[in-house]
Amino acid sequence: MKAILFHQHGGSEVLEYADTPTPEPGPCEVQVKIAAAALNRLDMWVRNGWPGIRLTYPHIPGADGAGTISAIGPGVTSVAVGDRVVINSNLSDGTCDFCARGFDNQCEKWGLLGETRRGTYAEYVVVPDRNVLALPAQFPFDRAAAASLVYLTAWHSLI
């Protein structure tokens, strides 16, 4: 697949459009064919780096995205291939006490797509099935991608 990636921190000059292996979904994961990815300030922070950030290189940035389910892993029953979805980029284990109380952003193993895991600036991304939400047929992919992390940030701030 094609992706925008980088091998070291820096400005926009470190970005590269290149071929990289297509990720395959594991148990309880889905593969999303990205139709739209949005630029978030976080993507530039990750690319520029900060003390203590650890990335697996090459890194694919991008927290925001929407698209179509293109493959499902074993145990996935909540979505099917062909479903239109928007991605929740807050990655949690779904099992800790915080997750059980609905505070997935405080998960003991919390991560963020495009930061702690390769992101949406690619043709495909793999996420846990609990991290995709159905997108109505009439709702545009680009608007869904642009709203996803911004909405979650505001919601978590309020809740």
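The structure reproduced in this document is the subject of the present report.

Definitions and cut-offs
Residues numbered from 1 in each chain as written. Predicted model: local features only at pLDDT ≥ 70, side-chain atom pairs only at ≥ 80, totals over all residues. Heavy atoms only, no water. Helix = DSSP H or I, 4+ residues; strand = E, 2+ residues; numbered from the N terminus. Polar contact = N/O pair within 3.5 Å; in protein donor to acceptor, adjacent residues only side chain to side chain. Disulfide = S-S within 2.5 Å. Buried < 20%, exposed > 50% of the residue type's maximum accessible area, 1.4 Å probe, protein only. 1 Å grid on protein atoms, 1.4 Å probe; cavity = no way out; pocket = protein on both sides within 12 Å on 5 of 7 lines; lining within 4 Å. Points joined across faces, edges and corners; volume = space filled by probe spheres on them. Nonpolar A, V, L, I, M, F, W, Y, C, P; charged D, E, K, R; others polar. Pairing = 2+ DSSP bridges. Axes fitted to C-alpha atoms, helices over the stretch in contact; angles between N-to-C directions.

Section: the side chain of N88
Structurally, N88 can be placed in the loop between β5 (84–87) and β6 (90–91). A polar atom in the side chain of N88 sits 2.9 Å from the backbone nitrogen of N90.

Here's the deal with the state of the cysteines
Following the criterion strictly, the structure yields zero disulfides and no others. Free cysteine C99: the closest other cysteine sulfur is in C96, separated by 3.6 Å. A relative accessible area of 14% places C99 in the buried class. Just so you know, C107 is unpaired, no disulfide at all, and the nearest cysteine sulfur is the one on C99, 3.7 Å from it.

Description of the environment of K109
Within the secondary structure, K109 is located in the loop between α2 (97–100) and β7 (111–112). Placed 53 residues apart in sequence, K109 and T56 show a C-alpha to C-alpha distance of 17 Å.

A word on the layout of surface pockets
Estimated volume of the second largest pocket: approximately 150 Å³. Forming the boundary of the second largest pocket are M1, P21, P23, I60, R117, R118, G119, A122, Y124, V125 and V126. Split into classes, the residues belonging to the lining of the second largest pocket amount to eight nonpolar, one polar and two charged.

Structural notes on the sheet that holds β5
In any sheet, the strands associate via hydrogen bonds between backbone groups, in a parallel or an antiparallel arrangement. Strand order in the open sheet formed by five strands is β8-β3-β4-β5-β9, with antiparallel pairing between adjacent strands. Each end of this open sheet is capped by a strand with a single partner; those strands are β8 (124–128) and β9 (132–134). Between one strand axis and the next, the sheet turns through 45 degrees on average, direction left out of account. Two elements, β5 and β9, share three bridges in a ladder whose sense is antiparallel. Counterpart to V85 in the pairing with β9 is A134.

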